[in-house]
Amino acid sequence: MWARLASALSGRTYTDDDIVWLRKQAGSYVVESVDDGGSVYRVYHRALSEYLRENRDTEKVQRSVTRTLQPVDHPYVRRYLALHAGEGGVLDPLVQDARFVLTAAPAQLLTALPGVRTAAGRRAVKALRDLEGLLLEWDGDGYGPAARATLRLAAVCRRADVLAESCDQGAGQLPWRARWAASSASSPRRAAA
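Residues numbered from 1 in each chain as written. Predicted model: local features only at pLDDT ≥ 70, side-chain atom pairs only at ≥ 80, totals over all residues. Heavy atoms only, no water.

K.L.:
Any chance you could explain the overall build of the protein chain here in plain terms?
P.N.:
Across its full length, the protein chain holds 12 helices and two strands. Taken from N to C terminus, the helices and strands of the protein chain fall in the order α-α-β-β-α-α-α-α-α-α-α-α-α-α. With the C-alpha coordinates of the protein chain rotated into their principal frame, the extents come out at 60 × 30 × 30 Å. Counting over 193 residues, the protein chain shows a buried share of 38%. In the protein chain, the proportion of contacts linking residues at least 24 apart, taken out of those at least 6 apart, comes to 60%. Accessible surface computed for the protein chain: about 11,900 Å², of which carbon and sulfur atoms make up 51%. Counting 27 positive and 22 negative side-chain charges, the protein chain places the averaged centre of each group 5 Å from the other. (Helix = DSSP H or I, 4+ residues; strand = E, 2+ residues; numbered from the N terminus. Buried < 20%, exposed > 50% of the residue type's maximum accessible area, 1.4 Å probe, protein only. Contact = heavy atoms within 4.5 Å. Areas by Shrake-Rupley, 256 points an atom, 1.4 Å probe, with all protein chains shown as cover. Lys, Arg positive; Asp, Glu negative; His and termini not counted. Charge placed at Lys NZ, Arg CZ, Asp CG, Glu CD.)

What follows is the structure in structure tokens.
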């Protein structure tokens, strides 16, 4: 994943051998910690991080990170892709995809929602906010038919058509399927966390 990101951000091709070399030469600037049972690496000092970000278009960098990581199935991606996409201004298509919504880490997804920019994205956000408690309860493990049916109902209520249609994808037939619904916008129901 590091070599792919370095290549995407620099415009040069890097391999895992380059990452091994970097760890040997500058490993003291990187700290390893455990996240979701696996190793993650971060720049050791905040000042160094800020220096590396100087004179960079943050939104462009985050768009590139999102594009590079999106096809990768990795715990880091499920946990942080929404935050990268929100900062890159490319969160809208992701919040309209049931697979992404139901497998992403909910706390980070909910934190990133202000990054949505389109009317269709905002309708999907309203559906997600209606299910905020359930999303937190499912904790990224809710891509089953019952969760997709529940998300579909919220999406139909909020006229988030693309999100509703994406709920029909995935393993297992939905136990029920809302085709239309009405919701009171003045008092949306949220599942308790």
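K.L.:
What exactly am I supposed to notice about the nonpolar core here?
P.N.:
Most often, soluble globular proteins keep nonpolar side chains buried together rather than apart. Ranked by size, the top nonpolar core spans 38 residues in total, and within it Leu109, Leu128, Leu151 and Leu163 carry the most contacts. Counting residues per element, this core draws most heavily on helix 11 (residues 145-157), which supplies five residues. (Core = buried A, V, L, I, M, F, W, Y, C linked by side-chain atoms within 4.5 Å.)

K.L.:
Would you take a moment to explain unusual backbone geometry for this structure?
P.N.:
Trans is the common state for peptide bonds, and a negative phi is the common state for residues other than glycine. Even without glycine at this site, Asn55 takes up a positive phi of about 60 degrees. Looking at where Asn55 falls in the secondary structure, it is placed in the loop between helix 3 (46-53) and helix 4 (58-69). Asn55 sits in the exposed class, given a relative accessible area of 80%. Although it is not a glycine, Arg159 sits at a positive phi angle of roughly 55 degrees. With respect to the secondary-structure elements, Arg159 resides in the loop between helix 11 and helix 12 (161-166).

K.L.:
What is the right way to look at the layout of surface pockets in this model?
P.N.:
In this approach a probe as big as a water molecule rolls over the atoms, and the regions it shows empty are the leftover space. Here the largest pocket is characterised by a volume of approximately 2,000 Å³. For the largest pocket, the lining is made up of 38 residues, of which Trp2, Leu9, Val43, Leu52 and Arg53 are closest to its centre. Contributing elements (two or more residues each) for the lining of the largest pocket: helix 1 (2-10), helix 2 (16-26), strand 2 (38-43), helix 3, helix 4 and helix 5 (75-88). Taken together, the residues of the lining of the largest pocket sort by class into 23 nonpolar, seven polar and eight charged. (1 Å grid on protein atoms, 1.4 Å probe; cavity = no way out; pocket = protein on both sides within 12 Å on 5 of 7 lines; lining within 4 Å. Points joined across faces, edges and corners; volume = space filled by probe spheres on them. Nonpolar A, V, L, I, M, F, W, Y, C, P; charged D, E, K, R; others polar.)

K.L.:
What should I look at first to understand empty space enclosed by the protein in this one?
P.N.:
Scanning all chains against the criterion turns up one cavity of 30 Å³ or more. Val101, Leu102, Ala104, Pro106, Leu135, Trp138, Asp139, Gly140 and Gly142 together form the lining of the largest cavity. Of all elements in the fold, only helix 7 (98-103) and helix 10 (132-138) reach the threshold of two or more residues within the lining of the largest cavity. Looking at the lining of the largest cavity residue by residue, the class counts come to six nonpolar, two polar and one charged.

K.L.:
So what exactly am I meant to see when it comes to the pairing of strand 1 (residues 30-35) here?
P.N.:
One face of the sheet, then the other: side chains in a regular strand alternate in exactly this way. Taken together, the six bridges between strand 1 and strand 2 define a ladder with antiparallel strand orientation. Counted as the bridge partner of Asp35 is Gly38 from strand 2. The antiparallel hairpin formed by strand 1 and strand 2 contains two residues in its connecting segment, where Asp36 sits at a positive phi of about 55 degrees. (Pairing = 2+ DSSP bridges.)

K.L.:
Looking at this structure, how should I read the side chain of Asp130?
P.N.:
Note that Asp130 resides in helix 9 (residues 119-130). On the accessibility criterion, Asp130 (9% relative accessible area) is buried. Of note is the side chain of Asp130, whose polar atom sits 2.7 Å from the side chain of Arg158. (Polar contact = N/O pair within 3.5 Å; in protein donor to acceptor, adjacent residues only side chain to side chain.)

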